[in-house]
Amino acid sequence: MKQKLLITLMIFLFTSLLLVILSPEPVNSLLEFYRGPFSTRYSFGSFLSIASLLVIAGTGVSISFRGGQFNLGGEGQVYSGAVAALITALMLPALPGFLGKPLLLLISLLAGAAIAASSGWLRYHFSIHELISSYLISSGLVYFCDYLITGPLRDHESFLLATPRIPEAYHLMRILPPSPLHTGALIALAVVFITALWLARGVSGYRLRIFGENPSFARFGGIRERTYRILPITIS
């Protein structure tokens, strides 16, 4: 815990130093940097909205790291999950919100997980390092998703390169309007809590940590290599 606090403090100090060196008005820059997110209701909600996305992404990365793997395909996985959820919403526009919202979240999770799992599968069967495969697969998927958004899924009634809006019933409930903050922030907190509990207390979480620390020892102890080559990056 002390090490984590020290790293956090160093990040703040380094950021402050950059502002002082690079900004023509260092005092105002420092004040706005630390005070800005709390200055208005909208700023605070926007700050929490962005933070919740980073929290979910960081939690995913931490799982793959604890399992001794590197997932560099997060961008493509997120894009693909979003497009999969969009297609589902457009195909099923009449579902009630209490069914539609969990369904879209589940579809997006499965899409991202399946893509990530492919890198774990390639590592186990062909010894292709997930550092390379996850990045290459993600890079291709980003362009493919862009093609779908600007091509087959484009809203031709709009002057923007955008898809049709998903039904209002599928939108997550807003918190602190008019800021973009919504109940996804609560999902982010739940993800962190469940992940921490699973890694600390769960049997599979313990095995994942053991495999990440020492794969040879894990294999000697009867932990299946195939499972823990694929599981961490899939969950992440």
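The structure under discussion appears in the preceding block.
Residues numbered from 1 in each chain as written. Predicted model: local features only at pLDDT ≥ 70, side-chain atom pairs only at ≥ 80, totals over all residues. Heavy atoms only, no water.

1. Notes on the packing of aromatic side chains
- Evaluation of the coordinates by the stated rule reveals eight aromatic pairs.
- A centroid spacing of 5.8 Å and a plane angle of 35° characterise the contact between Phe38 and Phe44, whose relative ring orientation is tilted.
- According to the relative accessible area criterion, Phe44 is partly exposed, its value standing at 30%.
- Members of the aromatic cluster, joined through ring pairs, are Phe12, Phe33 and Tyr34. (Phe/Tyr/Trp six-rings, centres within 6.5 Å; stacked < 30°, edge-to-face > 60°. Buried < 20%, exposed > 50% of the residue type's maximum accessible area, 1.4 Å probe, protein only.)

2. Brief notes about the pattern of salt bridges
- For the coordinates displayed, the defined rule picks out four salt bridges.
- Between Arg35 and Glu32 there is a salt bridge, with its nearest N and O atoms 2.6 Å apart. A residue pair is termed a helical-turn pair when its members lie 3 or 4 positions apart in one helix, as Arg35 and Glu32 do in helix α2 (residues 26-35) at three residues.
- Look at Arg35 and you get partly exposed, because its relative accessible area is 47%.
- Across the pair Arg219 and Glu225 runs a salt bridge whose closest N-O atoms are separated by 3.5 Å.
- Through salt bridges with shared partners, a single ionic network connects Arg219, Glu225 and Arg229. (Salt bridge = Lys/Arg side-chain N within 4 Å of Asp/Glu carboxyl O. Helix = DSSP H or I, 4+ residues; strand = E, 2+ residues; numbered from the N terminus.)

3. Section: the side chain of Thr195
- Tracing the sequence through the fold places Thr195 in helix α7 (residues 184-201).
- In this structure Thr195 comes out as buried when scored by relative accessible area, which is 11%.
- A polar contact of 2.7 Å, which involves the side chain of Thr195, links it to the backbone oxygen of Val191.
- Setting aside anything within four residues of it in sequence, one finds Thr195 in contact with Thr59 and Ile63. (Polar contact = N/O pair within 3.5 Å; in protein donor to acceptor, adjacent residues only side chain to side chain. Contact = heavy atoms within 4.5 Å.)

4. What to know about the nonpolar core
- Within the largest apolar cluster, nine residues are counted, these being Ile63, Trp198, Leu199, Leu208, Ile210, Phe211, Ala218, Ile223 and Tyr228.
- Among the elements of the structure, α7 and α8 (203-213) are those that each provide at least two residues to this core.
- Here the element with the most residues in this core is α8; it accounts for three residues.
- Aside from chain neighbours lying at most four places away, what touches Ala218 is Ile210, Phe211 and Ile223.
- Counting five residues, the second largest nonpolar core, distinct from the first, contains Val83, Cys145, Leu148 and Leu153. (Core = buried A, V, L, I, M, F, W, Y, C linked by side-chain atoms within 4.5 Å.)

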